[in-house]
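# Results of the structural survey
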Amino acid sequence: MNTSIMSSTVNQSTATLLGTRARMALAAVIAILVLVIPIFNLVVPADSVFHLSDYAVSLLGKIMCYAICALAMDLIWGYTGILSLGHGLFFALGGYAMGMYLMRQIGREGVYKSDLPDFMVFLDWKEVPWHWLGSQSFVVQMFLVVAVPGVLAFVFGYFAFRSRIKGVYFSIITQALTYASMLLFFRNETGFGGNNGFTDFKRLLGIPTATSSMRVTLCVLTGLILVVFYVMSKAIIASKYGRVLQAIRDAESRVLFTGYNTLWYKLSIWTLSAMMCGVAGALYVPQVGIINPGEMSPAASIEIAIWTAVGGRATLIGPIVGAFFVNGAKSWFTVTFPEYWLYFLGAMFIAVTLFLPQGIVGLVRKLSAKYANPTKRGAP
Amino acid sequence: MTPDLLEEGTKRREAYLARQASALTVGESGGQAASFGRVVSSTGEVDTAHGGILYVDDITVSFDGFRALNKLTLNIAVGELRCIIGPNGAGKTTMMDVITGKTKPDSGRAFFGSNIDLLRLRESEIAGRGIGRKFQKPTVFEQLSVFENLELALKMDRRVRASLMHKLTSADSDRIAEMLKLIHLKDSGSRTAGDLSHGQKQWLEIGMLLMQDPKLLLLDEPVAGMTDEETERTAELFLSLEGTHSLVVVEHDMKFIGELVNGGQREKKKIVTVLHEGSVLAEGALADVQANERVVEVYLGR
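None of the values given here were measured: they were computed from a predicted structure.

## Overview of the overall build of chain B
- A tally of helices and strands in chain B yields 12 helices and 10 strands.
- Looking at chain B as a whole, 41% of its 302 residues are labelled buried.

## Comments concerning the interface of chain B and chain A
- The interface is formed by 34 residues belonging to chain B together with 29 residues belonging to chain A.
- Contributions of two or more residues to the side of chain B that touches chain A are made by helix 4 (123-129), helix 5 (146-153), helix 6 (160-165) and helix 7 (170-182) of chain B.
- Classifying every residue of the side of chain B that touches chain A by side-chain character gives 12 nonpolar, 12 polar and 10 charged.

## Digging into the confidence of the model for chain A
Residues and elements named next belong to chain A.
- Residues of chain A with pLDDT of at least 70 account for 94%, and the chain-wide mean is 89.
- Low confidence marks residues 1-15, where pLDDT is under 50. Its contacts with residues over four positions away, or in another chain, come to 22 contacts.
- Every residue in residues 376-380 scores below 50 in pLDDT, and together they form 1 contact with partners more than four places removed in sequence or on other chains.

## What about the sheet that holds strand 5 (residues 116-117) of chain B?
Residue and element names in this part refer to chain B.
- Read from one edge to the other, the open sheet built from 4 strands follows the order 2-1-4-5, with strand pairing classed as antiparallel. The open sheet is flanked by strand 2 (66-77) and strand 5, the only strands paired with a single partner.
- With 8 bridges joining them, strand 1 (residues 52-63) and strand 2 adopt antiparallel strand pairing. Across the sheet, the residue bridging to Phe63 is Phe66, located in strand 2.

## What to know about unusual backbone geometry
- Residue A:Arg164 is not a glycine yet carries a positive backbone phi of 60°.
- One can find A:Arg164 in the loop between helix 6 (138-162) and helix 7 (167-186).
- Here A:Arg164 falls in the exposed class, since 12 other C-beta atoms lie within 10 Å of it.
- Phi at B:Glu221 is positive, roughly 45°, even though this residue is not glycine.
- Here B:Glu221 is to be found in the loop between strand 7 (216-220) and helix 9 (228-241).
- By the C-beta count within 10 Å, which is 20 here, B:Glu221 ends up buried.

## Digging into the sheet that holds strand 6 (residues 131-134) of chain B
Residue and element names in this part refer to chain B.
- The strand order across the open sheet built from 6 strands is 6-7-8-3-9-10, with neighbouring strands paired in mixed fashion. Pairing within the sheet leaves two strands with one partner each, and these edge strands are strand 6 and strand 10 (279-284). Between one strand axis and the next, the sheet turns through 20° on average, direction left out of account.
- By the bridge criterion, 5 bridges tie strand 7 to strand 8 (residues 246-250) in an arrangement that is parallel. Bridge pairing in strand 8 links Asp220 to Val250.

## Here we look at the environment of A:Leu267
Residues and elements named next belong to chain A.
- Tracing the backbone through its elements, the reader meets Leu267 in helix 10 (residues 262-288).
- With 21 C-beta atoms counted inside 10 Å, the residue Leu267 sits in the buried group.
- In the structure, Leu267 is positioned 105 residues away from Arg162 in sequence and 9.4 Å away in space, judged by C-alpha atoms.
- Apart from the residues within four sequence positions on either side, Leu267 is in contact with Phe154, Gly157, Tyr158 and Phe161.

About the cut-offs
Residues numbered from 1 in each chain as written. Chains lettered and ligands numbered in written order. Predicted model: local features only at pLDDT ≥ 70, side-chain atom pairs only at ≥ 80, totals over all residues. Helix = DSSP H or I, 4+ residues; strand = E, 2+ residues; numbered from the N terminus. Buried ≥ 20, exposed ≤ 12 C-beta atoms within 10 Å, placed from the backbone. Contact = placed C-beta atoms within 7 Å. Nonpolar A, V, L, I, M, F, W, Y, C, P; charged D, E, K, R; others polar. pLDDT = per-residue confidence, 0-100. Pairing = 2+ DSSP bridges. Axes fitted to C-alpha atoms, helices over the stretch in contact; angles between N-to-C directions.

Okay, structure coming up:
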């Protein structure tokens, strides 16, 4: 028996989750989040060159919400091979659940000075509809942030996976699902503020939202949740369960004939992925200050897939990098050349698909392997 | 529930009760619908007390009017090594699809042992009861290592939670190491399965089947794309499994069939089955089958 190979492969699967370098990188990220960002935004005076502007803090917070979505997308697309073009729906549902609470936090300070949210007064409603009954309670709404996307994903996924809907057909159905939901949320009768959605938030847990300290708190919280989700995803992928997911991606029929009921594997990761997006949406809404059905548009969901592809599928860190890269580029482009942004996005996606199938992370790995091993130039 | 569904259910229930009353549950045939009425074994262990491991009875499968299987009947004994040959489109792969639960037949019955009704079970359940299947095109998990491929095939709890908590024991690693040796991949444990040669992938897939410890192996063209030496080794491996496992080998390569039939436990007379147009054309010793006029006609198209 070749013991060296045996032990190395066993170690690979049972070794501690993160190596020394990865642990140090993670510690650095956490330190930046909890120390650097608050100090440079709140303590360093605004006229100093080291001051981190409020704009930068909220942009960072927003992009980290997107990064959570991209990470969730990587679990279902990168590792399980199921391309969802409807993840924006789960993001929006989490956002709406948070938005309902924020709307009730406005209290009587709205335009109409009523206990009801403004849009309900405008529609001449006398009391909140049934699905708003828990909206005064932070706990209830936080439960809904994960429960609504989770239950919807579970039910939809159960029927889709049980019927063996795969590949492009599944993608199209998810796209239709988010589009149909968008149309539903556009209607005033649905009770979510129609095409205006929710905005003009005043407080979260009784604390005013339009302050620097609140912005920093939300940004740091988003970052910490992103870190937790990253480590959790890492653990999932390192487990045997994670290897079954990758096996489903490579050859689902083989997995079935090996005795695994793939339905439950696909359904569990799909539901988890949706719930992660719901959390991202809930963190996004108070930082951006608005949620409307536009978040459910097909394009919003496709963008999540683009971040994942650009960063590098099935790498976990790649989609996070992709979310930062694409959205960073977007915020620069839309200021400098606003009319060319979509062309650039399209071109970038095509370029990545054609030349960088492993995305940015794949390119970096390739280059570092090349420089670490100069004799093996050109080797994959 | 719509009224017609209710009505249909009532009818099915009545038919079932009538059958129970007459105590004549055997002899009826039917496809998916009829199998709902049958009693499934409670223990789940395959019962081979009658000496048979697989009973395929009167199975018909049509796709858009084309009969892929036409009243196919096939019985495999415990420990038997059965070779099945037949021209393209004879229904060999469809037969495996029916046995492994991928395709539900229009009519007929398929039993594993005398107690497990295969038409009632899903693919994963059938695999769990002890039927392993190798595909025509080698199907392995290309992005995982050879070791991980075998690890996933290890016989153990296949449920989600068990997989999340799973830790490889040293006994498991030993089993995988033995298997790596058996399939001549002992130095390739950490290689990515996608980088293996075609023949090695075939071996890996066979190894994955064996890790599941199946009672019946269905092997669809197992030596396609293998070198002569690899083919010979495969024949040796299958012959060593004969007796402890039951094997059904579908193959085009007559030389390989010859090796299987003439090697191993010679005292047992091995049967070769020829399929044609979805049913059995001839069955018997290899020499008899090869001399059969109808077989020659089908193969040479005279």
